[in-house]
Amino acid sequence: MIEQILKRLLISIPVLFGVLFLGFGLLILVPGDPAIVMAGPTATPEVVAAIRAEMGLDDPVLVQFGNYLGRVLQGDLGRSLISNKTVVSELAAAIGPTAELMFACLIWSVPLGIGLGTLAAVWRGSLVDRAIMAISVAGVSLPIFFICLMMIQYLGVEWRLLPFIGRGGPLWTIDGLRHIALPALSLGAIFIGPVARMTRSSVLEVLKLDHVRTARAKGLSETRVILRHGLRNALIPVVTLIGLQVGYLLGGAVVTESIFSFPGVGRLAVGAILSSDFPLAQGTILVLALGFILINMIVDILYVLLDPRVQA
Amino acid sequence: MCCSIRGCRHDGPDRSDVCACGDTRPPGQHRGVRPVSVADPEMLDAPEPVEAWWRRLLRDPSALLASLVLLIVVFCALAAPAISPHDPFASSRAIMQPPIWAEGGDWLHPLGTDGQGRDMLSRLFYGTRLTLIIGLVSVGIGGAFGSLMGLLAAFRPGLDPWVMRCVDVMLSFPAILLGLALVAVMGPGALPVIVALAVATVPDCARIARSVAVSVMQQDYIEAGRALGLSNFALFTRYLLRNCISSIMIFLSLRFGQIILIGAALSFLGLGARPPTAELGMMAAQGRDFLLFAPHIAIIPSVLIFVIVLAANVLGDALRDVLDPRLRS
């Protein structure tokens, strides 16, 4: 088992380098001279030259990459061109809200998706099954921004049930909960479909196995058979598949945060890119990529821990 | 084994045993091909010819409806310049005019006008065009590269670990991140979005192609082809590619919907297609400011995206059920 986990950690090393190189490449690849970009359009040639020297842009690319790695490891990602705050402090303020949003989305959508998927599998071929599957196909086909706009239009504006701009505070306060409700509902709405589909096929797969037949033959009640022997074993692949969908969720979070002005990393990234704030854009993309890698790694390790068969 | 057909017993203990390939000549002189003869009992038992896949597909009503919808959408996108009632970029004085079914709509602008008085219907035609181009080009390019990688990995097992490590690294960059990164570098536009979506399609497609190709490579006909002395190129294109292509196409058709959604989301955020061109996601974003007074500006393009993606997904599912039930997971 430890060997498996170590192997998994080893695989992530080249990925980590790839991410760092991507972050580094972002500034190097920007069309035109990064020094001019950093200095802004009104800078004098002397200022540009000074920035060039300061950034070490005259060094060979590999030396620059080495310096960049050193800075990142020290937690120095530069300063935002717009707010002049350090990128690290901007990111530190945004990571919490994004994590809150992800949590608030998963906490209701995953159990609901698993429940619906199990129902569909148990009543396979029935009207319930077809309805649930139709809803989940429709759910995967809906543009996330459309869901967000409808939430704002009806729950926010027309019926005035919930606020739809910004974040009210930490998740454990009433105001925080009220503000996160609509973004979390929107983001969760696109996640129910995939989870229900995965659960359904996974449960169907497990219900065919011998131990389920044995459980039935023992005379266990059908509910017990499905919950204890079916769903429990079916959840293992669902966990990994949820991990694989994190990228999908991330994309949804970027859109959701932007629409609801929710101060997370996704909104920060879009804002930075649209205002050509390169250091901040670089930092946010780096953090999003690292978060994605980290979650995938945790899911893979969880998989090893959950499924004894993988350890062999 | 005296010839390349599995189950050949010709060199067994009893040398007089007839080889499974039917050749009665001594071992070493076989051509390695099972001769087709009517007397062959296996040939007599051959199943009835299977109904053409597209007939089976079109018998499914939802698949039929989905193909119809996609055909209409593609036609409208192709014929946009010919069937658009107005110039999609020209503003008029009729600002935020509601569509025909709402109060105050008229036939001059059947779907109403947007915040700048541009005809919604014409913009929808052009917007669909760009949305479809972004989706098709990126799925096409990414799919081609991905399948090549996956098939090569299966065809040349020596390459496999290298290709799969590459794929692992690429999988670590979800489409939305690639999109953000490329737009940060190249500036907003359709091109970075296409590149990002294509790159994001490569690793998934490579994984699917590899898994299908690995099982194809174990089939007897590959061995038979080798025994016939086919060149690697012919073996790759005629035997491997041909037998994998349907599974790959199913995957790509299911992928197409997702790609359209991500592309539209990027455009919605202002990172994709730039005004004044029309793109469905961008049109929805423009309608966002008028949501209270003229909800149709945001709703109509969003619903169209939904319909296109839904049709693509339904058709992809149906194709999979018809062509390759093994892929069902």
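Up top you'll find the structure we're talking about.
Residues numbered from 1 in each chain as written. Chains lettered and ligands numbered in written order. Predicted model: local features only at pLDDT ≥ 70, side-chain atom pairs only at ≥ 80, totals over all residues. Heavy atoms only, no water.

Caption draft 1: Highlighting the overall build of chain B. Scanning chain B from terminus to terminus reveals 12 helices and 0 strands. Put simply, chain B runs from its N terminus to its C terminus through helices and strands in the order α-α-α-α-α-α-α-α-α-α-α-α. When each of the 329 residues of chain B is scored for burial, the buried share is 48%. Look at the contacts in chain B between residues 6 or more apart in sequence, and 64% of them connect residues 24 or more apart. Taken as a whole, chain B presents about 16100 Å² of accessible surface, with 65% of it coming from carbon and sulfur. (Helix = DSSP H or I, 4+ residues; strand = E, 2+ residues; numbered from the N terminus. Buried < 20%, exposed > 50% of the residue type's maximum accessible area, 1.4 Å probe, protein only. Contact = heavy atoms within 4.5 Å. Areas by Shrake-Rupley, 256 points an atom, 1.4 Å probe, with all protein chains shown as cover.)

Caption draft 2: Structural context of empty space enclosed by the protein. Residues and elements named next belong to chain A. For the structure on display, the rule yields 2 cavities of 30 Å³ or more. Taken as a whole, the second largest cavity spans an internal volume of roughly 30 Å³. Those elements that provide at least two residues to the lining of the second largest cavity are α5 (87-122), α11 (246-259) and α12 (265-274). Considering each element in turn, the lining of the second largest cavity owes the most residues, 4 residues, to α11. Of the residues contributing to the lining of the second largest cavity, the split by class is 6 nonpolar, 2 polar and 1 charged. (1 Å grid on protein atoms, 1.4 Å probe; cavity = no way out; pocket = protein on both sides within 12 Å on 5 of 7 lines; lining within 4 Å. Points joined across faces, edges and corners; volume = space filled by probe spheres on them. Nonpolar A, V, L, I, M, F, W, Y, C, P; charged D, E, K, R; others polar.)

Caption draft 3: Representation of the side chain of Thr118(A) in the model. Residue and element names in this part refer to chain A. Residue position: Thr-118 is located in helix α5. On the basis of relative accessibility, which here comes to 8%, the residue Thr-118 falls in the buried class. When sequence neighbours within four positions are dropped, the list of residues in contact with Thr-118 reads Thr-199, Val-203, Ile-226 and Leu-231.

Caption draft 4: Region of the structure containing the interface of chain B and chain A. Taken together, the contacts link 41 residues of chain B with 44 residues of chain A. Surface buried jointly by chain B and chain A totals about 3500 Å² across both partners, of which 81% is contributed by carbon and sulfur atoms. A salt bridge links Asp317(B) to Arg197(A), with the shortest nitrogen-to-oxygen separation between them at 3.2 Å. In this assembly, chain B and chain A are joined by 4 residue pairs in polar contact (both at pLDDT 80 or more). (Buried area = accessible area lost by both parts, 1.4 Å probe. Salt bridge = Lys/Arg side-chain N within 4 Å of Asp/Glu carboxyl O. Polar contact = N/O pair within 3.5 Å; in protein donor to acceptor, adjacent residues only side chain to side chain.)

Caption draft 5: Region of the structure containing the packing of α5(A) against helix α8 (residues 174-207) of chain A. All names here are of chain A. Here α5 crosses α8 at 35 degrees, and the two axes come no closer than 6 Å. Like other packed secondary-structure pairs, α5 and α8 cross with a definite hand, here right-handed. Among the residues forming the contact of α5 with α8, the class breakdown is 23 nonpolar, 6 polar and 2 charged. (Axes fitted to C-alpha atoms, helices over the stretch in contact; angles between N-to-C directions. Left-handed = near helix turned anticlockwise from the far one by under 90°.)

Caption draft 6: Just the environment of Ala52(B), in detail. All names here are of chain B. Structurally, the position occupied by Ala-52 is in the loop between α1 (41-44) and α2 (53-59). Exposure remark for Ala-52: the relative accessible area of 32% places this residue in the partly exposed category. A sequence separation of 159 residues divides Ala-52 from Ser-211, and the C-alpha atoms of the two residues are 26 Å apart.

What is shown is where atoms sit, not what they do.
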